Amino acid sequence: MPASSSLILASSSPRRQGLLRRLNIEFSIHPANSDGPILSSDPELRVAGHALFKAREVAAEHEKCWVLAGDTLVYGDGEFFTKPDDSSHARYMLQRLQDIGEHRVYTASCLLSPQSEVFQLVEHAVVSFQSIPDSELDIYLDGSEWSDKAGAYAIQGWAGQFASCITGDFETIVGMSEVTVKKLFAMSGFQFSGE
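Below: a short report on this structure. Keep in mind the model is a prediction, meaning the values are calculated, not measured.

**Regarding the overall build of the protein chain**
Next up, step 1: The helix and strand tally for the protein chain stands at six helices and seven strands.
Next up, step 2: Reading the helices (α) and strands (β) of the protein chain from amino to carboxyl end gives β-α-β-α-β-β-α-β-β-α-β-α-α.
Next up, step 3: Over its C-alpha trace the protein chain gives a radius of gyration of 17 Å, about what one expects of a compact globule, namely 16 Å for 195 residues.
Next up, step 4: Over its C-alpha atoms, taken along the principal directions, the protein chain stretches across nearly 55 × 35 × 30 Å.
Next up, step 5: The 195 residues of the protein chain split such that 48% are buried.
Next up, step 6: Pairs at least 24 residues apart make up 65% of the contacts formed inside the protein chain by residues separated by at least 6 positions.

**Some words on the environment of glycine 151**
Next up, step 1: Within the secondary structure layout, glycine 151 lies in the loop between helix H4 (134-142) and strand E7 (163-167).
Next up, step 2: As for glycine 151 and lysine 83, which are separated by 68 residues in sequence, their C-alpha atoms are 6.1 Å apart.
Next up, step 3: Among residues more than four places away in sequence, those in contact with glycine 151 are Val74, Phe81, Thr82, Met93, Leu94 and Leu97.

**Some points on unusual backbone geometry**
Apart from glycine, the bulk of residues carry a negative phi angle, and the bulk of peptide bonds sit in the trans form.
Next up, step 1: We note that aspartate 77 has phi near 55 degrees; this positive angle belongs to a residue other than glycine.
Next up, step 2: Along the chain, aspartate 77 turns up in the loop between strand E3 (66-76) and strand E4 (79-81).
Next up, step 3: Positioned with a positive phi, alanine 152 is a non-glycine residue whose angle comes to about 70 degrees.
Next up, step 4: Mapped onto the elements, alanine 152 comes out in the loop between H4 and E7.

**As for the pattern of salt bridges**
Next up, step 1: Here the structure, examined in full by the defined rule, presents nine salt bridges.
Next up, step 2: Of the charged contacts in the structure, one is a salt bridge between arginine 91 and aspartate 138, with a shortest N-O distance of 2.9 Å. One end of the pair, arginine 91, is in helix H3 (residues 87-100); the other, aspartate 138, is in helix H4, with 47 residues separating them in the sequence.
Next up, step 3: On the basis of relative accessibility, which here comes to 29%, the residue arginine 91 falls in the partly exposed class.
Next up, step 4: Overlapping salt bridges bring together Arg22, Glu171, Glu178 and Lys182 as one network.

Conventions used here
Each chain has its residues counted from 1, following the order in which its sequence is written. A pLDDT threshold of at least 70 governs which residues receive local features in this predicted model, and a stricter bar of 80 or more applies before side-chain atom pairs are shown or counted, although totals over entire chains, interfaces and linings include all residues. With hydrogens and water stripped out, all remaining heavy atoms of the structure feed into the side-chain values. Helix numbering and strand numbering both begin at the N terminus, where a helix is a DSSP run of H or I of at least 4 residues and a strand a DSSP run of E of at least 2. Taken over C-alpha atoms, the radius of gyration is set against a globule rule of 2.2 Å times the number of residues to the power 0.38. Each residue is placed in one exposure class: buried if its accessible area under a 1.4 Å probe, protein chains only, is under 20% of its type's maximum, exposed if it is over 50%, and partly exposed if it falls in between. Two residues qualify as a contact provided that any one of their heavy atoms is within 4.5 Å of a heavy atom in the partner residue. What counts as a salt bridge is simple: a side-chain nitrogen of Lys or Arg found within 4 Å of a carboxyl oxygen of Asp or Glu.

Structure below.
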């Protein structure tokens, strides 16, 4: 069976790194360069495609290693809320999410074996967004927490006072669920010592 030291995390996300550390897994970090092409207008298929693209991109440079990749997107009222380009874009997203009221957050987790076997799960959670006072929004956008976040927010940060998980796993919204990762390890036969 594979050793845990052969695992590569295809992400620079501190949250995903923290998840693996909580499981006592040794891993190296080699972030993917891009999400890859948009292959579907269906949010579940799109997020799955991005995660698989990231895993394969990193695996191509690291043969004989296991690669874990993830992707998260926010979707509501027929609209995708990606990572904002700038603070104006972030403002638009947060105002739209308030108007929508409830939206879904999809996270795909993809484990690629050294033999290129794909083990993948997609989870989603429903999030409710309350009204944000303009003064609070201005302060938030003056900072940098919105940067590099799907939907321009992290529910475990500032946005937690305005957003709440209605259904689904809170960790799915954060960016990768420990339960899901354990399922992938069980599906694939990947052994780790964190029990």
